[in-house]
Amino acid sequence: MTSAEPSTAEQPGRLHSRSYRITVDDGRDSFFALSIEDAANDEAWLMSDTVLALGNMR
């Protein structure tokens, strides 16, 4: 095995993704977010928010 070929123990678990529409300011504003998670590891996750246009950024 070479260093470019990860062993089974080094391969990540199955990833799950979810999308969210988050509403704030009593429903006056909302944005979208994406979450990517490793179901086998509570500490392995990534969440990113998005905007529809640069003008919507605060």
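Note: the structure precedes this text.
First things first, this report covers the structure right here in the doc. Please read all numbers here as calculations on a predicted model, not as lab measurements.

1. A few points about the pairing of strand β3 (residues 45-50)
Item 1. Counting buried residues in β3 gives zero out of six residues, a small share hidden from the surface.
Item 2. For strand β2 (residues 29-38) and β3, the ladder comprises six bridges, and the chain directions are antiparallel. From the neighbouring strand, E37 faces β3, where its bridge partner is W45.

2. Brief notes about unusual backbone geometry
Item 1. Notably, D25 is not glycine yet its phi reads approximately 55°, a positive angle.
Item 2. Along the polypeptide, D25 turns up in the loop between β1 (15-24) and β2.
Item 3. According to the relative accessible area criterion, D25 is partly exposed, its value standing at 35%.

3. Remarks on the pattern of salt bridges
Item 1. For the structure on display, the rule yields one salt bridge.
Item 2. Between E37 and R18 there is a salt bridge, with its nearest N and O atoms 4.0 Å apart. Taken as a pair, E37 in strand β2 and R18 in strand β1 lie far apart in primary sequence, 19 residues in all.
Item 3. Classification of E37 by relative accessible area gives partly exposed; the value is 23%.

4. Observations regarding the sheet that holds β1
Item 1. If you walk across this open sheet you meet the three strands as β1-β2-β3, and the pairing is antiparallel. With partners counted over all chains shown, the strands left at the sheet margins are β1 and β3, one partner each. Between one strand axis and the next, the sheet turns by 20° as a mean value, whatever way the strands run.

The rules behind each value
- Residues numbered from 1 in each chain as written.
- Predicted model: local features only at pLDDT ≥ 70, side-chain atom pairs only at ≥ 80, totals over all residues.
- Heavy atoms only, no water.
- Buried < 20%, exposed > 50% of the residue type's maximum accessible area, 1.4 Å probe, protein only.
- Helix = DSSP H or I, 4+ residues; strand = E, 2+ residues; numbered from the N terminus.
- Pairing = 2+ DSSP bridges.
- Salt bridge = Lys/Arg side-chain N within 4 Å of Asp/Glu carboxyl O.
- Axes fitted to C-alpha atoms, helices over the stretch in contact; angles between N-to-C directions.

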